Amino acid sequence: MSGSNIICATTLIRGMEQEVSLLRAEIEKSRQGLGIEDSNPELKKLMEENTKLRHRLAILHRACANLETPNNSAKLSHSGSIIGDLQQVFMGAIRKAYPDLNVPCVIAISSMAKFGDYQCNSAMNVVQQLKQQSVKTTPREVAEKIVCALTNHEALIGKVEVAPSGFINIFLSKDYVEHGIINLLKNGINPPTLKRQRVIVDFSSPNIAKEMHVGHLRSTIIGDSICRFLEFLGYDVLRINHIGDWGTQFGMLIAHLQDKFPNFQTESPPIGDLQSFYKESKVRFDNDEAFKKRAYECVVKLQNGENSYLKAWNRICDVSRREFQNIYDRLDVKLCERGESFYQSRMVAIVDELKRGNFLEEDDGRLIMWGTDQKGIPLTVVKSDGGFTYDTSDMAAIKQRIVEEKADWLIYVTDAGQATHFQTVFACAQRANILDMQNHRVDHVGFGVVLGEDGKKFKTRSGDTVKLAELLDEGLKRSMDKLLEKERHLVLTAEELRDAQESVAYGCIKYADLSHNRNNEYVFSFDKMLEDKGNTAVYLLYAYTRIRSIARNCGGDYATNIQKVIDRAVIKLEHDREWKLAKTLLRFGDVMLLITKNLSLHYLCEFVYEICTTFSEFYDSCYCIKKNKEGKIVEIHESRVLLCEATSRVLGRCFDILGLKPVDRM
């Protein structure tokens, strides 16, 4: 189009905007100065005229935008985030409509289909900023002006509607969604593009000589899933197991080892039950003064690095490591051990550094440190006897992780009861200029306790803490009972049955934890976990297996070379249920971005459940394979079969992040 056409249209718009402004002023004058009610015929006539003018103005704005953007039908590339793509388009429109304002572009998923797929909710922010400039307007008028300023959006947006309250209802373009599904199938489930960071995740953290119990369950499961999530995003993740392998208790363990297995230096001591061994040594420590004195001497010699004491300490640690590793192997969790002993020399260095910086204060013989605001409970960096504490090791660890490991982001996964402690550690690290919040991110990922079905802290019937190994064994037993009840042993091989048993057992324990908001307590119930209806791992794993079987049932390339089908295929979303499922799948990237902000995996669980229920609606309404009376396939709806394939791929990626292991047959 010629420049003269653009100039003419722009001039016409400006004239009409002035006319609308004058008419609006007249309406206000009629209302306020003359006291005319809204029901007055004259005022009604003015308002109708104003509405017509605004409508014509909106049409002119849109026409002008088309004149200025001759290639506005160009395809938008998928960024992996629908909200991101919409923000890009609407941010441009807001800046064009209100160049003097700094307004955030707020895009949200619509609560109901009649309000579109997404909504732009920025109009009220614009109104508030204009009000500060003594400019009166309404959210609806602002929304209409933003819509008029939209350009280069047809490939993404099918249509927009302005609600009376000023919300802009956005209906996605069918081409955009169809292209998104094809892109997903051809190029895989890719993460949103984010800056690569070095992330250290501290989780699980059992104590040497003590068995892992249900108290370690949440930290291990949540921490592993966070690592899987961050690794999928492309971050450089170091998984740290900050085990308790140092301190006074090792003096009593070594002294007891010397008495019970005097030849431990040449033969590995046959400590079958380290928990019992620990209890025996603790009884002696509490009741035998001579043993207690010797235990303290052993601690000093261990900390001084005497060879035989280090050897005894290593023997004890090795027994625990084997037990821990058995649990981690069963849950498919990988960790890098960095016990408190790793930081021993670094604790000496951090104390010296804090002393030189005058950050430590004396308090009844202790050396304490306050955070930046001098409030709350200070860290005890050095005890009155000169020994170090957990506070000391945590300060040494944060220094090591930032300086030596070059971490950009530190994550600590522990129970919510430790929130205050970590807030103090972070504040002290800031005060000591170790932690720079401009360059580093730190998160304490807290979680609530696990409750029994009686609503009290989860314990055995005898009142003991539930051992994690026994909990996993019980899960295996119950999942096998469930499979046998469904007569799966009649159709599965022995190996397939075992794989299904482990998939269900460990999957249901992980999913029951992750599907709850981690900040809350949750009730541990095998009966509820193993239900095959509702938001449970069993339901999801069965759904996934059924979806995976659809392509196999088609035979030919669908069963043996699905990628060949994908390369030639065209996705067409013609049924409402197809459309709904496809849009749900494409929200994957936005769910990923949400979790980066809060590290709460229950959002991913909700998304997975929504996919499965939406798929069920689709499958009930849309045939994928047509068979005749003899059971022979007479028609394959290729586009729908590929939509099933896309569903299974998104689910598979989500399961991997959650640590679930689906099987092909269940």
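We now turn to the structure provided with this report. The model shown is predicted, which means the values in this text are computed figures rather than measured ones.

## With respect to the overall build of the chain
1) Next: Helix and strand counts for the chain stand at 24 helices and 16 strands.
2) Next: When burial is assessed residue by residue, the chain has 50% of its 666 residues classed as buried.
3) Next: Of the contacts formed within the chain by residues at least 6 apart in sequence, a portion of 73% connects residues at least 24 apart.
4) Next: Taken as a whole, the chain presents about 32,200 Å² of accessible surface, with 48% of it coming from carbon and sulfur.

## A look at unusual backbone geometry
1) Next: Of note in the backbone geometry, Ser134 takes a positive phi value of approximately 65° without being a glycine.
2) Next: Locating Ser134 in the fold gives a position in the loop between α4 (123–132) and α5 (139–148).

## Considerations on helix α22 (residues 588–598)
1) Next: Those residues of α22 that fall on the buried side of the exposure criterion are Phe588, Gly589, Asp590, Val591, Met592, Ile595 and Thr596.
2) Next: Positive backbone phi, at 50°, marks Leu599, one or two positions downstream of α22.

## Section: the pairing of strand β11 (residues 409–413)
1) Next: Counting buried positions along β11 gives 5 out of 5 residues, so the element sits mostly inside the fold.
2) Next: A two-sided burial pattern is seen for β11, the buried positions comprising Trp409, Ile411 and Val413 on one face and Leu410 and Tyr412 on the other.
3) Next: Bridging between strand β5 (residues 198–202) and β11 involves 4 bridges; their strand directions are parallel. In the strand pairing of β11, Ile200 is matched with Leu410.

## With respect to the state of the cysteines
1) Next: With the rule as written, the count across this model stands at 0 disulfides.
2) Next: With no disulfide of its own, Cys644 lies closest to Cys624 among cysteine sulfurs, the gap being 3.7 Å.

## Some remarks on the sheet that holds strand β6 (residues 236–241)
1) Next: Here 5 strands make up an open sheet; going across it, the order is β7-β6-β5-β11-β12 and the pairing parallel. Bordering the open sheet on either side are β7 (336–337) and β12 (441–445), each of which pairs with just one other strand.
2) Next: This element, helix α14 (residues 419–431), spans β11 and β12 of the sheet and lies at about 165° to β12.

## What about the packing of aromatic side chains?
1) Next: For the structure shown, the criterion picks out 16 aromatic pairs.
2) Next: Residues Trp246 and Trp313 carry aromatic rings whose centres are separated by 5.3 Å and whose planes lie at 85° to one another, so their mutual orientation is edge-to-face. Residue Trp246 is located in the loop between β6 and α8 (249–260), and its partner Trp313 is located in helix α11 (residues 307–331); the two are separated by 67 residues in the primary sequence. Just as Trp246 is buried, Trp313 falls in that class too.
3) Next: With centroids separated by 4.9 Å and ring planes inclined at 85°, the aromatic side chains of Phe342 and Tyr343 adopt a geometry described as edge-to-face.

## Considering the packing of helix α13 (residues 390–403) against α14
1) Next: Put simply, α13 and α14 touch, their axes get as near as 10 Å, and they point 50° apart. Between α13 and α14, the interaxial angle falls into the category oblique. When you trace α13 past α14, the crossing you get is right-handed. Together, Asp391, Asp394, Met395 and Ile398 of α13 and His421, Phe422, Val425, Phe426, Cys428 and Ala429 of α14 make up the contact between the two elements.

## Things to note about helix α9 (residues 274–287)
1) Next: With 14 residues, α9 extends 20 Å between its outermost C-alpha atoms, agreeing within 8% with the 20 Å of an ideal straight helix rising 1.5 Å per residue.
2) Next: All of the buried residues in α9 are Leu274, Phe277, Tyr278, Ser281 and Phe285. On an axial view of α9, the arc spanned by its buried residues comes to 100°, and they lie on one face. Across α9 from its buried face, at more than 90 degrees, point the exposed residues Lys279 and Asn287.

## Structural notes on the environment of Asn517
1) Next: Residue position: Asn517 is located in the loop between α16 (494–514) and β14 (522–523).
2) Next: When the C-alpha atoms of Asn517 and Ser600 are compared, they prove to be 6.9 Å apart, with 83 residues separating the residues in sequence.
3) Next: Every residue in contact with Asn517, bar those within four places of it in the chain, is listed here: Arg218 and His602.
4) Next: A polar side-chain atom of Asn517 sits 3.0 Å from the main-chain amide nitrogen of Asn519.

## With respect to the environment of Cys227
1) Next: Tracing the sequence through the fold places Cys227 in helix α7 (residues 217–232).
2) Next: Accessibility expressed as a relative area gives 0% for Cys227, which makes it buried.
3) Next: Sequence separation between Cys227 and Val199 is 28 residues, and the spatial gap between their C-alpha atoms is 8.9 Å.
4) Next: Here Cys227 is in contact with Val201, Phe203, Val237 and Arg239, once residues within four sequence places are set aside.

## A closer look at the pairing of strand β3 (residues 157–162)
1) Next: As defined by bridge partners, β3 adjoins strand β4 (residues 168–172) across 5 bridges and the pair is classed as antiparallel. Of the residues in β4, the one forming a bridge with Glu161 is Asn169.
2) Next: Connecting the antiparallel pair β3 and β4 is a turn made up of 5 residues, with Gly166 showing a positive phi of about 100°.

Conventions used here
Residues numbered from 1 in each chain as written. Predicted model: local features only at pLDDT ≥ 70, side-chain atom pairs only at ≥ 80, totals over all residues. Heavy atoms only, no water. Helix = DSSP H or I, 4+ residues; strand = E, 2+ residues; numbered from the N terminus. Buried < 20%, exposed > 50% of the residue type's maximum accessible area, 1.4 Å probe, protein only. Contact = heavy atoms within 4.5 Å. Areas by Shrake-Rupley, 256 points an atom, 1.4 Å probe, with all protein chains shown as cover. Pairing = 2+ DSSP bridges. Disulfide = S-S within 2.5 Å. Axes fitted to C-alpha atoms, helices over the stretch in contact; angles between N-to-C directions. Phe/Tyr/Trp six-rings, centres within 6.5 Å; stacked < 30°, edge-to-face > 60°. Parallel < 35°, antiparallel > 145°, perpendicular 65-115°, else oblique. Left-handed = near helix turned anticlockwise from the far one by under 90°. Expected span 1.5 Å × (residues − 1). Arc of directions from axis to C-beta. Polar contact = N/O pair within 3.5 Å; in protein donor to acceptor, adjacent residues only side chain to side chain.

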